[in-house]
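Here is how the chains run, residue by residue.
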Amino acid sequence: MPEGHTLHRLALDLSDAFAGEQVRVSSPQGRFADSAALLDGQVLVGAEAWGKQLFVEFPGEQYVHIHLGLYGKLDLKPHTAEPPLPVGQVRLRLVSAGSTTGSGTYADLRGANTCNLVTAAQRDAVVAKLGPDPLRDDADPGRAWLRISRSRTSIGALLMDQSVLAGVGNVYRAEVLFRHRIDPMRPGNTLRRKQWDAIWDDLVELMKLGVQVNRIDTVREEHTPEAMGRAPRKDDHGGEVYVYRRSGQPCLVCGTNVRTVELQQRNLFWCPKCQRTYRPRTSAK
DNA sequence: TCCGTATGACTAG
DNA sequence: TAGTCCTACGGAT
């Protein structure tokens, strides 16, 4: 689940369900128990996401810093009188009392990489390490371009580097490079500014859609299952994509088999034809 | 019951 | 670069 759109969506949903509410905070699993006890009964101020980092604010500039890692989940569900007993390893549970109705929302956090109570200064330090986040209106894509245009590292690796760009993960990385027909192994410093601007604008659009529909959809209208008369994708991500986890299957655009290779311990997917290997221009032609 | 896998990121050497 | 951490689930053993 967790690329930037997931965290921004969670921030919105948490704010909707809990902001301004007195919240019961617990750690059924125990690993966040001390902090939970400090926060229990306080009014939740709101939640905000920066890239893949989530901060849930409590009074007095206290923040629960959450990072879901590879497989963490934060589930929000409605409850009536009392929320059900926790299932599995619930690190953090938030329960809104439901000030008037008696029913409310509860949120269960499992498998998170990070769940810590931090100060404003500590939150700022985390944020300071991040590159611009396409989902934030205050983001400056020029800051990412500065890094990319000066780096010989592959654009595929740069897009995953959270200090270059915050919020993009393995799915958006593969998909946005496909949509722009760029070889993932191409060095950052061989891209043109125009190409970067187009990638950024596309990420803003794709990721905003991701927040809205709560999944990653990247195929254009003409390549949807309906338009192509093919079976819709059925897996735990749900969204329609061009190359992510489609290795060995035909490219939706050219029919060439999608390829995969392990790059920095992560699976990289691309179409070798649509994303042809970059070769520097030569004077003769 | 064990193993592999997953949309992530850190630390030690 | 290797090792580590976090959890759930499906498939092989």
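Everything quoted here is computed from the prediction, not taken from an experiment. (Residues numbered from 1 in each chain as written. Chains lettered and ligands numbered in written order. Predicted model: local features only at pLDDT ≥ 70, side-chain atom pairs only at ≥ 80, totals over all residues.)

On to the domain arrangement of chain A. Think of interface size as the accessible area that goes away when the parts come together; that is how it is often given. Assigned domains of chain A: these are domain 1 (4–128) and domain 2 (141–270). One C-alpha centre belongs to domain 1, the other to domain 2, and the line joining them spans 30 Å. Of the residues lining the interface, 7 residues belong to domain 1; the matching set on domain 2 comes to 8 residues. Tallied by class, residues from the side of domain 1 that touches domain 2 come to 1 nonpolar, 4 polar and 2 charged. (Domains from an automatic or database assignment. Contact = placed C-beta atoms within 7 Å. Nonpolar A, V, L, I, M, F, W, Y, C, P; charged D, E, K, R; others polar.)

Attention now goes to the nonpolar core. Core analysis: the largest hydrophobic core is formed by 69 residues, its most contacted members being Leu54, Val56, Ile66, Ala174 and Val243. Mapping this core onto the domain boundaries places at least three of its residues in each of domain 1 (4–128) and domain 2 (141–270). Residues within four places of Leu54 in sequence aside, it is in contact with Leu7, Leu10, Ala11, Ala47, Ala49 and Ile66. (Core = buried A, V, L, I, M, F, W, Y, C linked by C-beta atoms within 7 Å. Buried ≥ 20, exposed ≤ 12 C-beta atoms within 10 Å, placed from the backbone.)

On to the packing of helix α6 (residues 170–179) against helix α7 (residues 193–213). Helix-helix packing: each pair is described by the crossing angle between the helix axes and the interaxial distance. Here α6 crosses α7 at 125°, and the two axes come no closer than 10 Å. Between α6 and α7, the crossing angle belongs to the class labelled oblique. Judged by the sense of rotation from one axis to the other, the crossing of α6 with α7 is right-handed. Contacts between α6 and α7 involve Tyr172, Val176 and Arg179 from the first element and Ile199, Asp202, Leu203, Leu206 and Met207 from the second. Tallied by class, the residues present in the contact of α6 with α7 amount to 6 nonpolar, no polar and 2 charged. (Axes fitted to C-alpha atoms, helices over the stretch in contact; angles between N-to-C directions. Helix = DSSP H or I, 4+ residues; strand = E, 2+ residues; numbered from the N terminus. Parallel < 35°, antiparallel > 145°, perpendicular 65-115°, else oblique. Left-handed = near helix turned anticlockwise from the far one by under 90°.)

It is worth spelling out the protein's contact with DNA strand C at this point. All residues adjacent to DNA strand C are Gln29, Gly69, Leu70, Tyr71, Gly88, Gln89, Arg91, Arg110, Gly111 and Asn113. Residues that form the surface near DNA strand C fall into these classes: 2 nonpolar, 6 polar and 2 charged. (Near = placed C-beta within 6 Å.)

Glancing now at the sheet that holds strand β6 (residues 90–96). Overall, antiparallel pairing links the 4 strands, which are arranged β1-β6-β7-β5 in an open sheet. For this open sheet the edge positions go to β1 (23–26) and β5 (73–79), each flanked by a neighbour on one side alone. Between one strand and the next, the sheet's axes are offset by a mean angle of 15°, whatever the strand orientation. Both β5 and strand β7 (residues 104–110) contribute to a ladder of 7 bridges, which runs antiparallel. (Pairing = 2+ DSSP bridges.)

Attention now goes to unusual backbone geometry. With glycine set apart, most residues show a phi of negative sign, and most peptide bonds adopt trans. One non-glycine residue, Asn214, adopts positive backbone phi at about 60°. Inspection of the secondary structure puts Asn214 in the loop between α7 and α8 (225–228). Backbone geometry places Arg245, a non-glycine residue, at a positive phi of 55°. The residue Arg245 is located in the loop between α8 and β9 (259–263) in this model.

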